[in-house]
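This is what each chain is made of:
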Number of protein chains: 2
Amino acid sequence: MSAHGRLSQEILAQTALALADDEGVESVTVRRLAQRHSVTPMALYRHFKDKDEIFDSLAERLLASVAIPAPDRRPWHEQTHDLLTAFVAALRPHPNAAGLILGRILDSNPGLVVAERMLVLLTEAGFGVEAAAETASQALCSVVTLVVTEPGRRRGADAEARDDAIRAKKATLTALSPRHYPHVVAAANALASCSSEEQYYARGIRMIVAGIRGIQAALETAVA
Amino acid sequence: MSAHGRLSQEILAQTALALADDEGVESVTVRRLAQRHSVTPMALYRHFKDKDEIFDSLAERLLASVAIPAPDRRPWHEQTHDLLTAFVAALRPHPNAAGLILGRILDSNPGLVVAERMLVLLTEAGFGVEAAAETASQALCSVVTLVVTEPGRRRGADAEARDDAIRAKKATLTALSPRHYPHVVAAANALASCSSEEQYYARGIRMIVAGIRGIQAALETAVA
DNA sequence: ACCTGAACACCGTTCAAGT
DNA sequence: ACCTGAACACCGTTCAAGT
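Notes on the structure follow. Source: prediction; values computed, not measured. (Residues numbered from 1 in each chain as written. Chains lettered and ligands numbered in written order. Predicted model: local features only at pLDDT ≥ 70, side-chain atom pairs only at ≥ 80, totals over all residues. Heavy atoms only, no water.)

1. Re the overall build of chain A
We apply this condition: Helix and strand definitions here come from DSSP, where helices need a minimum of 4 consecutive H or I residues and strands a minimum of 2 consecutive E residues; each element is numbered from the N-terminal end. By definition, residues are in contact when any of their heavy atoms lie within 4.5 Å. Surface exposure here means Shrake-Rupley accessible area, sampled with a 1.4 Å probe, where a residue is shielded only by the protein chains that are shown. Here the positive residues are Lys and Arg and the negative ones are Asp and Glu; neither His nor the chain ends is included. Where a charge lies is defined by one atom per residue type, namely NZ (Lys), CZ (Arg), CG (Asp) and CD (Glu).
Broken down by element type, chain A carries eleven helices and zero strands. When contacts within chain A are restricted to residue pairs at least 6 apart in sequence, those whose partners lie at least 24 apart make up 67%. As displayed, chain A has an accessible area near 10500 Å², and 52% of this comes from carbon and sulfur atoms. Once the 24 positive and 26 negative side-chain charges of chain A are each reduced to a mean point, those two points are 6 Å apart.

Below, the structure is given as structure tokens:
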């Protein structure tokens, strides 16, 4: 790669994301980013004030990749389900970087678009301003956490290392005292990895939507 | 402090937690931990294999501080509510460190005790082994995320800096285009900070429990 | 305008040594 | 057994300089 006019926020955010995908967020350093572009570390400081801004850009890039479904005439909870599903679909390819989104949803336009859409749906559902704000925040953060804590994923490890880690975890949990932890031992396999990622995410999203509906029901009985 | 026989895993985990509370997790370094005990950095390596083990111990300490309610005869969802409330109560004093728990619940006995209790309650509710495992994991991780992403908190900042950050965030959100983000602008205050932490956590926990009950209801209709 | 180079204060971790 | 000291390879960031 040449080192002339080839740098930009966008391209550096893309490289940072690739680096996080390959080796984990802790491997995203100013120096390694510079190295990938055959450039001095200091060259990056033309495009970013500091390292945190690199992570801001990375999070923005991730949020921009959410394919927000167009509003339609179905009930709010079905549309919420689809919005959260789209959110998860955007994050799943990037489990190492997804956690960076947590404090940054309201810090970029793509994140604000997602938040705005969520608030619209909760307003349709009858939530007041404050309840909608806190519920939207919790729903979006829960979805991120679903990806970050997917059982059996290992930060920045290749498939083989991942399988070894899962096997080791299963062995450890299975070897626990069945007297003290009978349910943990019985569930060792499911706790160490998902048998089906699709089922894991489908159930997780259903649970979040069900939670919002539960809160909403309480709202309505309070009004009545 | 003397430097003779004064070090131990427990005491170092305590110092690490205090350091995280005061200045954020990124300030928890081997060298600063050693400094707080008037000791050479290398002295810590008698008690920990590497830095990650320090975080493991810190997480274990946090999980050990959960005051798990004694089982009683009330319905599973009420007991689940109280268990999650106790979990939140243990984490709230340590918002900077709470995130360290996320991948570590099954890595220590105190965490396993919490997980086992959660699995017992979900089994009472009628969940199968795999559904209970994934649901327990999601519920506990969501509760952690609730603390980590509490609106308006700032990692390792004092009260004044925190207020400044909240004021700035409110101003930024309020100044957004009301054409593009009407609901975000209207909810600016609630998005930037909680007006009531008690309400925020109460609603958050209710939403998680309601989510579990929603999944359970789907289970029962599938059986019927 | 954009990139380089040298320097500074930090970091985790190794190895060999002290007592 | 427990801690020290010097060293190594890394890190983010500053400042002054090149073109």
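2. Quick word on the protein's contact with DNA strand D
Selection rule: Distances are taken per atom, and a residue is near a molecule or strand as soon as one of its heavy atoms is within 4 Å of it. Under this definition, polar contacts are N or O atom pairs within 3.5 Å; protein pairs additionally need one hydrogen-donor-capable and one acceptor-capable atom, and for neighbouring residues in sequence, both atoms have to be side-chain atoms. As a working rule, the residues Ala, Val, Leu, Ile, Met, Phe, Trp, Tyr, Cys and Pro are called nonpolar, Asp, Glu, Lys and Arg charged, and the rest polar, with Gly in that last group.
Of all residues adjacent to DNA strand D, which total 17 residues, the nearest are R31, M42 and Y45 of chain A together with T40 and R46 of chain B. Within 4 Å of the protein, the atoms of DNA strand D are drawn from sugar and phosphate moieties in a proportion of 50%. Contact between DNA strand D and K51 of chain A: a phosphate oxygen at 3.0 Å from a main-chain N or O atom of the residue. Here a base nitrogen of DNA strand D sits 2.4 Å away from a polar atom, N or O, in the side chain of R46 of chain B. The element best represented in the surface near DNA strand D is helix 2 (residues 30-36) of chain A, accounting for three residues. Class assignment for the residues of the surface near DNA strand D results in seven nonpolar, four polar and six charged.

3. Concerning the protein's contact with DNA strand C
Around DNA strand C, a shell composed of 17 residues is seen, among which T40 and R46 of chain A together with R31, M42 and Y45 of chain B lie nearest. Backbone atoms, meaning sugar plus phosphate, form 47% of the atoms of DNA strand C positioned within 4 Å of the protein. For DNA strand C, a phosphate oxygen lies 3.4 Å from a polar atom in the side chain of H47 of chain A. Within the side chain of R31 of chain B, one N or O atom sits 2.5 Å away from a base nitrogen of DNA strand C. Residue contributions to the surface near DNA strand C peak at three residues, all from helix 2 (residues 30-36) of chain B. Its residues assigned to classes, the surface near DNA strand C shows seven nonpolar, four polar and six charged.

4. Section: the interface of chain A and chain B
Where we set the bar: Buried area counts how much accessible surface, traced with a 1.4 Å probe, disappears from two parts once they are put together, with both parts' losses summed. Basic side-chain nitrogens of Lys or Arg form a salt bridge, by our definition, when they fall within 4 Å of a carboxyl oxygen of Asp or Glu.
Contact with chain A, which involves 52 residues of that partner, is made by 52 residues of chain B. Here chain A packs against chain B, burying approximately 4600 Å² in sum over the two surfaces, 65% of which is carbon and sulfur. Run the count over chain A and chain B and you get four salt bridges. Between E134 of chain A and R203 of chain B there is a salt bridge, with the nearest N and O atoms lying 3.2 Å from each other. Summed over the shared surface of chain A and chain B, the result is 17 residue pairs in polar contact (both at pLDDT 80 or more). The set of elements that each furnish at least two residues to the side of chain A that touches chain B consists of helix 6 (109-124), helix 7 (129-148), helix 8 (159-174), helix 9 (182-186), helix 10 (188-192) and helix 11 (197-223) of chain A. In terms of residue class, the side of chain A that touches chain B is built from 29 nonpolar, 14 polar and nine charged.

5. Some remarks on the relation of the copies chain A and chain B
Turning one copy of the chain about an axis and sliding it along that axis gives the other copy, so a rotation and a shift relate them. For clarity, the threshold we go by: Superposition of the copies used a least-squares fit over C-alpha atoms from residues whose pLDDT is at least 70 in both.
With an RMSD of 0.0 Å, the fit of chain A onto chain B corresponds to turning through 180 degrees and sliding 0.0 Å along the axis. Taken together, these values place the two copies in the relation of a two-fold axis. Across chain A, the rotation axis passes nearest the C-alpha of G211 of chain A, at a separation of 1.8 Å.

6. What about helix 3 (residues 51-64) of chain B?
Residues and elements named next belong to chain B. The condition is simple: A helix is expected to span 1.5 Å multiplied by its residue count minus one. Three labels apply to residues, based on accessible area from a 1.4 Å probe with only protein chains included: buried if under 20% of the type maximum, exposed if over 50%, partly exposed otherwise in between.
A rise of 1.5 Å per residue sets the reference length of helix 3, with its 14 residues, at 20 Å; its end C-alpha atoms lie 20 Å apart and thus fit the reference within 8%. Here helix 3 has its buried residues at I54, F55, S57, L58, A59, L62 and L63. In the core, the buried residues of helix 3 are packed alongside helix 1 (9-23), helix 2, helix 4 (76-91), helix 5 (95-98) and helix 6 (109-124).

The values reported here are purely geometric and, on their own, carry no functional implication.
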